[in-house]
Amino acid sequence: MVFLFRLVSRLPLPLLHALGAWLGWLVYGLSPTYRRHLRENIAQAGCRDALGTAVAEAGKTVLELPKLWLRPQAEVIARVVRVSGWELVEQAWRAGRGILFLTPHLGCFEITAQYYARFAPITVLYRPPKQPWLAPLIEQGRGASLKLAPADVSGVRKLIKALKAGEAVGMLPDQAPGVGEGEWAPFFGRPAWTMTLAPRLARGGATVILAWAERLPHGAGYHLHLLAPAGPVAQPADVNREIERLVRLCPGQYLWGYNRYKVPRGVKCP
């Protein structure tokens with residue numbers, strides 16, 4: 001499996017995205033559970049028109065990962081062909097403040113931190129994969145250019161330390177947290193178990209920047225978008241509000257198949 005992963009990483013991005021679109025539809029057709037989650041989530045958000053695009057884009061997300069993890073950093077970040085909002089980063093640098101990048105499962109979320117790491121240190125919250133064989137590949141890929149913080153108490157300490165040093169940290173704010181790590185907050189009109197860590201770090205004085213990399217057609221690369229929050233990010237509901245704002249910009253590239261509304265074991269439904 002590792003050999004196949006390395007082999008896929010050498011394929012050109014346009015081919016990977018073409019194969020990924022096919023893979024997305026294959027999985028959609030073969031997995032009733034995945035299909036149900038995707039359809040329910042996209043309907044909940046009122047984005048049914050984006051369903052076809054979302055199915056294909058989800059497959060692209062999977063097949064581009066080997067290239068993003070295993071190819072040299074210079075080759076990976078060269079795929080970012082356009083950047084909007086970089087002035088927000090420069091303003092934070094001039095202010096000497098740490099940066100909290102909130103990057104939801106939208107577009108190519110893997111490339112955002114790697115691009116920033118070209119200019120300055122960044123620590124990202126990291127949850128080990130369920131497949132053990134993937135762990136060394138991720139650490140080799142992400143770990144080569146990023147500082148990894150495990151999703152536990154020690155990892156939180158690393159994030160806080162980095163922010164106090166004026167460095168950047170990044171996380172997926174729409175990832176479902178565990179027991180004691182979240183609270184219920186509305187997400188597209190439905191309660192979702194939402195992490196409390198992101199607003200906690202934001203309240204500590206970090207500059208919050210929303211980041212997502214738009215996947216351009218035909219494997220042409222990525223457009224990195226950086227945006228300031230529309231309002232304070234002090235509570236989980238604020239985080240979900242900002243994620244919704246980003247998703248509405250490009251609903252076809254959100255990972256709707258992710259079980260965003262799952263109820264963690266030991267957590268009571270609202």
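Relevant structure appears above.
To start, this report covers the structure provided alongside it. (Residues numbered from 1 in each chain as written. Predicted model: local features only at pLDDT ≥ 70, side-chain atom pairs only at ≥ 80, totals over all residues. Heavy atoms only, no water.)

Here we take up the overall build of the protein. In terms of regular secondary structure, the protein is built from 11 helices and nine strands. Since a compact globule built from 270 residues should have a radius of gyration of about 18 Å, the 18 Å found for the protein is in line with a globular shape. Summarising its shape, the C-alpha atoms of the protein cover approximately 45 × 45 × 35 Å along the three principal directions. Counting across all 270 residues of the protein, residues that qualify as buried make up 52%. In the protein, the proportion of contacts linking residues at least 24 apart, taken out of those at least 6 apart, comes to 74%. Separation of charge centres in the protein, based on 33 positive and 18 negative side chains, amounts to 4 Å. (Helix = DSSP H or I, 4+ residues; strand = E, 2+ residues; numbered from the N terminus. Rg over C-alpha atoms; globule rule 2.2 N^0.38 Å. Buried < 20%, exposed > 50% of the residue type's maximum accessible area, 1.4 Å probe, protein only. Contact = heavy atoms within 4.5 Å. Lys, Arg positive; Asp, Glu negative; His and termini not counted. Charge placed at Lys NZ, Arg CZ, Asp CG, Glu CD.)

Now for the sheet that holds strand β9 (residues 222-227). Reading across the sheet, the seven strands line up as β1-β9-β8-β2-β5-β3-β4 and stay open at both edges, with mixed pairing between neighbours. Single-partner strands in this sheet number two, and they are β1 (80-84) and β4 (147-150). Strand after strand, the sheet turns through a mean of 25° between neighbouring axes, direction not considered. As judged from the three bridges shared by strand β3 (residues 122-126) and strand β5 (residues 168-171), these two strands associate in the parallel manner. (Pairing = 2+ DSSP bridges. Axes fitted to C-alpha atoms, helices over the stretch in contact; angles between N-to-C directions.)

The next subject is the packing of helix α4 (residues 51-70) against helix α7 (residues 110-117). Remark: α4 packs on α7, axes separated minimally by 10 Å, with the N-to-C direction vectors making an angle of 20°. Judged by the angle between their axes, α4 and α7 are roughly parallel. As for the relative orientation of α4 and α7, their crossing is left-handed in sense. Residues Leu-65, Leu-68 and Trp-69 of α4 pack against Glu-110, Ile-111 and Gln-114 of α7. Across the contact of α4 with α7, the residue classes break down as four nonpolar, one polar and one charged. (Parallel < 35°, antiparallel > 145°, perpendicular 65-115°, else oblique. Left-handed = near helix turned anticlockwise from the far one by under 90°. Nonpolar A, V, L, I, M, F, W, Y, C, P; charged D, E, K, R; others polar.)

Opposite charge on two side chains lets them pair, provided their charged atoms get close. By the definition in use, this model includes 10 salt bridges. One salt bridge connects Arg-241 with Asp-238, and the closest N-O pair in it is separated by 3.2 Å. Separated by three residues within a single helix, Arg-241 and Asp-238 lie in helix α11 (residues 236-249), roughly one turn from each other. Glu-242 is the salt-bridge partner of Arg-245, the closest N and O atoms lying 2.9 Å from each other. Here the residue Arg-245 and the residue Glu-242 both occupy positions in helix α11, the gap between them amounting to three residues, near one helical turn. (Salt bridge = Lys/Arg side-chain N within 4 Å of Asp/Glu carboxyl O.)

On to the packing of helix α1 (residues 2-9) against α4, then. Where α1 contacts α4, the axes come no closer than 8 Å and their chain directions differ by 85°. When the axis of α1 is compared with that of α4, the two are roughly perpendicular. Where α1 approaches α4, its residues Phe-5, Arg-6, Val-8 and Ser-9 are matched on the opposing element by Leu-63, Pro-66, Lys-67, Trp-69 and Leu-70. Residue composition of the contact of α1 with α4, by class: six nonpolar, one polar and two charged.

Before going further, it helps to examine the nonpolar core. What tends to happen in soluble globular proteins is that the nonpolar side chains get buried as a cluster. Counting residues in hydrophobic clusters, the biggest one holds 42 residues, and the most contacted among them are Leu-100, Leu-102, Met-171 and Trp-256. Those residues in contact with Trp-256, other than ones at most four positions away along the chain, are His-37, Leu-38, Asn-41, Ile-42, Ala-45, Cys-47, Ala-54, Phe-188, Val-247 and Pro-251. Core analysis: the next-biggest nonpolar cluster, separate from the first, contains 38 residues, Ile-77, Ile-122, Tyr-126 and Leu-134 among them. (Core = buried A, V, L, I, M, F, W, Y, C linked by side-chain atoms within 4.5 Å.)

Turning to the packing of aromatic side chains, a few remarks are in order. One pass over the full model with this rule turns up 13 aromatic pairs. Relative to Trp-93, the ring of Trp-86 lies with its centre 5.9 Å away and its plane at 85°, an arrangement referred to as edge-to-face. When the ring of Trp-93 is compared with that of Tyr-116, the centres are 6.2 Å apart and the planes differ by 50°; the resulting orientation is tilted. Remark: Tyr-116 occurs in helix α7 and Trp-93 occurs in helix α6 (residues 86-95); sequence separation between them is 23 residues. According to the relative accessible area criterion, Trp-93 is partly exposed, its value standing at 34%. (Phe/Tyr/Trp six-rings, centres within 6.5 Å; stacked < 30°, edge-to-face > 60°.)

Let us look at unusual backbone geometry. Not every positive phi belongs to a glycine, and Phe-188 is a case in point at roughly 55°. Position of Phe-188 relative to the elements: it lies in the loop between β6 (182-187) and β7 (190-195). On the basis of relative accessible area, Phe-188 is assigned to the buried category, the value being 7%. A positive phi is found at His-218, a non-glycine position, where the angle reads about 60°. One can find His-218 in the loop between β8 (207-215) and β9. Judged by its relative accessible area of 75%, His-218 is exposed.

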